[in-house]
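# Fold and contact review
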Amino acid sequence: MTNREKVKQLLTGSGTSSGHYFEFILKYDRRKWRRVVFERPGEGAWSVRTFMRPDEIMENETTRGRLGPELCPVAYDDYGNYICINTASRPGRVEFWDHETEALEPLAKDFGAFIDALELPPPIDPWERGNPAFGAVRRGETGALRAYLASGGDVDAQNDFGHSLATIAAARGDTGML
């Protein structure tokens, strides 16, 4: 049985729609977003550092052992706390596990409700990373490129992949931008 199948079985057995979890992971894989914010009762806004992929959930036996068999960790924050899905006593409920006190706090009745309550930032385009001109060139937005250059933007700037604006325009076959 694959890790994905094990997690699906674990979540399905808890009454949780595993489809919500897998759809979310596919759409908001850690490479595409900065932070996801949720409301923690009595604590205010809190952020998820990253959601765990199915292979990470099953490989993290130390954490699963510390959390106990009824909690399936699906995310963690910057401080060592976990967002878990309860698989036994409160099937499907999403809970916050505090690593210092090992106390549980309810966050949502199920993963779908937890997702609906999240404040998701816009996805990060890995081609632009801090310079929207690269995304504009990739999308063929000549006006946005002109505005960037008119405001003193660096025509020789390179993105994380080492491509210049001209290289990206040429790869698109957009001679109007060159």
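None of these values were measured; they are calculated from a predicted model.

## Points about the overall build of the chain
If you tally the helices and strands in the chain, you get eight helices and seven strands. Here the chain holds 178 residues, and the buried ones make up 42% of them. Counted over contacts in the chain with a minimum sequence separation of 6, partners at least 24 positions apart contribute 46%. Accessible surface computed for the chain: about 9,700 Å², of which carbon and sulfur atoms make up 49%.

## Description of helix 8 (residues 165-172)
Turning to helix 8, its buried residues number three or more, namely Leu165, Ile168 and Ala169. Summarising the axial view, the buried residues of helix 8 lie within an arc of 100 degrees, below the 170-degree limit, and thus occupy one face. On its buried face, helix 8 sits against helix 6 (132-139) and helix 7 (142-150). Two residues or fewer past helix 8, Gly173 is found with a positive phi of approximately 80 degrees.

## Details of the pairing of strand 7 (residues 104-108)
Relative to strand 7, strand 6 (residues 94-97) runs antiparallel, the two sharing four bridges. Along strand 7, the bridge assignment pairs Val94 with Ala108.

## Digging into the sheet that holds strand 4 (residues 71-76)
Ordered by their spatial adjacency, five strands build an open sheet running 3-4-5-6-7, and the pairing between neighbours is antiparallel. At either margin of the open sheet sits one strand with a lone partner, and together these are strand 3 (50-51) and strand 7. Sheet topology places strand 4 next to strand 5 (residues 82-86); five bridges connect them, and they run antiparallel. The residue bridging Leu71 from the neighbouring strand is Asn86, located in strand 5.

## Details of the environment of Gly135
With respect to the helices, strands and loops of the structure, Gly135 is situated in helix 6. For Gly135, a relative accessible area of 0% gives the class buried. Along the backbone, Gly135 and Ile168 are 33 residues apart, and their C-alpha atoms lie at a distance of 9.4 Å.

## Quick notes on the pairing of strand 6
Covered by surrounding structure in strand 6 are Val94 and Phe96 together with Glu95 and Trp97, the residues of both alternating faces. For strand 5 and strand 6, the ladder comprises four bridges, and the chain directions are antiparallel. Within the sheet, the bridge partner assigned to Cys84 lies in strand 6 and is Glu95. Here strand 6 folds back onto strand 7, and the loop between the two strands holds six residues, one of which, Glu102, carries a positive phi near 60 degrees.

## Looking at the packing of aromatic side chains
The tally for this structure, following the rule as stated, stands at six aromatic pairs. Judged by centre distance (5.9 Å) and plane angle (55 degrees), the rings of Trp46 and Tyr79 are tilted. Of this pair, Trp46 sits in strand 2 (residues 44-48) while Tyr79 sits in the loop between strand 4 and strand 5, placing them 33 residues apart in sequence. Seen in terms of ring centroids, Trp46 and Phe96 are 5.8 Å apart; in terms of plane orientation they differ by 90 degrees. Their pairing is edge-to-face. Here Trp46, found in strand 2, pairs with Phe96, found in strand 6; they are 50 residues apart in sequence, far enough to count as distant. The burial state of Trp46 is the same as that of Phe96; both residues are buried. Put simply, the rings of Trp46, Tyr79 and Phe96 touch in pairs and so form one group of aromatic residues. Across the ring face of Trp46, the terminal group of Arg40 is positioned such that the distance to the ring centre comes to 4.4 Å.

Basis of the calculations
Residues numbered from 1 in each chain as written. Predicted model: local features only at pLDDT ≥ 70, side-chain atom pairs only at ≥ 80, totals over all residues. Heavy atoms only, no water. Helix = DSSP H or I, 4+ residues; strand = E, 2+ residues; numbered from the N terminus. Buried < 20%, exposed > 50% of the residue type's maximum accessible area, 1.4 Å probe, protein only. Contact = heavy atoms within 4.5 Å. Areas by Shrake-Rupley, 256 points an atom, 1.4 Å probe, with all protein chains shown as cover. Arc of directions from axis to C-beta. Pairing = 2+ DSSP bridges. Phe/Tyr/Trp six-rings, centres within 6.5 Å; stacked < 30°, edge-to-face > 60°. Lys NZ or Arg CZ within 6 Å of the ring centre and 35° of its normal.

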